[in-house]
Every structure is written in structure tokens, then in C-alpha cells.
Amino acid sequence: MNGDGTTLWEVAVLDGGPADGLRVRVADRPGVVQVTCPCELDAPSSGVRVDALYVYRREPRARGGSLRYGFDAASP
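Going along each chain's sequence as written, the residues are numbered from 1 onward. Whole-chain, interface and lining totals are the exception, using all residues; otherwise, since this is a predicted model, local features are given only for residues with pLDDT of at least 70 and side-chain atom pairs are given and counted only at 80 or more. Calculated side-chain values reflect all of the structure's heavy atoms, with hydrogen atoms and water omitted.

Some words on the pairing of strand β5 (residues 67–71)
At step 1: Only protein chains enter the calculation, and the probe is 1.4 Å; a residue is then buried if its accessible area is under 20% of its type maximum, exposed if over 50%, and partly exposed in between. Segments assigned H or I by DSSP are reported as helices when at least four residues long, segments assigned E as strands when at least two residues long, and all are numbered from the N terminus. A large share of β5 lies buried, amounting to 4 of its 5 residues.
At step 2: Pairing between strand β1 (residues 9–15) and β5: 4 bridges, direction parallel. Residue pairing across strands places Leu 14 opposite Tyr 69, the latter belonging to β5.
At step 3: For two strands to be treated as a pair, DSSP must find at least two bridges joining them. Bridging between strand β4 (residues 51–58) and β5 involves 3 bridges; their strand directions are antiparallel. Looking at the pairing, Tyr 56 lines up with Phe 71 of β5.

Overview of the packing of aromatic side chains
At step 1: Within 6.5 Å between ring centres, the rings of Phe, Tyr and Trp (the latter by its six-membered ring) count as paired, and their orientation is classed by plane angle as stacked under 30 degrees, edge-to-face over 60, tilted in between. Applying the stated criterion across every chain, the model contains 2 aromatic pairs.
At step 2: Considering the side-chain rings of Tyr 54 and Phe 71, the 6.3 Å spacing of their centres and the 50° angle between planes classify their relative orientation as tilted. Here Tyr 54, found in strand β4, pairs with Phe 71, found in strand β5; they are 17 residues apart in sequence, far enough to count as distant.
At step 3: On the basis of relative accessibility, which here comes to 25%, the residue Tyr 54 falls in the partly exposed class.
At step 4: A relative accessible area of 31% places Phe 71 in the partly exposed class.
At step 5: By definition, being over a ring means that NZ of Lys or CZ of Arg is both within 6 Å of the ring centre and within 35 degrees of the ring normal. Between Arg 25 and the ring centre of Trp 9, over which it is positioned, the NZ or CZ distance is 5.1 Å.

Structure (C-alpha cells):
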């Protein structure tokens with residue numbers, strides 16, 4: 001948050017994995033961003049949904065000062 005109580009939003013770029021190159025807006029520079037992709041079910045379900053989960057971790061500001069998150073293939 002800024003000193004006046006408003007949230008500071010920034011654009012971040014995701015590197016690698018299924019969301020490679022995607023640009024997202026994040027608030028307060030979280031250490032981890034989760035990306036989900038829906039999975040298809042073989043049979044009808046009663047409201048159940050299954051999603052694949054991918055984790056991206058914040059990278060140090062090294063390349064041009066832009067906020068970046070790198071794919072963590074070992075998570076979760």
C-alpha cells in the first residue's frame with residue numbers, strides 16, 4: 001500500500017511454464033503467484049471442478065528493472 005492507504009498495482013511478466021510471457025497485474029509484490037488451468041473430466045460431476053496448479057516465484061530485479069515471476073517446475 002501507498003502511504004495514503006491506496007493499493008499499488010504493478011505489471012509483472014511470467015517466465016516459463018504454461019503461462020510464459022503472460023502479463024499480469026499484482027498488488028504489493030507477492031512472493032508467489034499461482035496459475036491454474038482447468039482439466040477435463042471423463043464423467044459428469046455434481047459441481048466438482050479440477051484445475052492444474054502452477055507456481056511462479058518472484059525473481060530479483062535483474063533484467064531491465066521489470067517485475068518478473070519465474071516458473072517453479074518443482075512446485076507444488
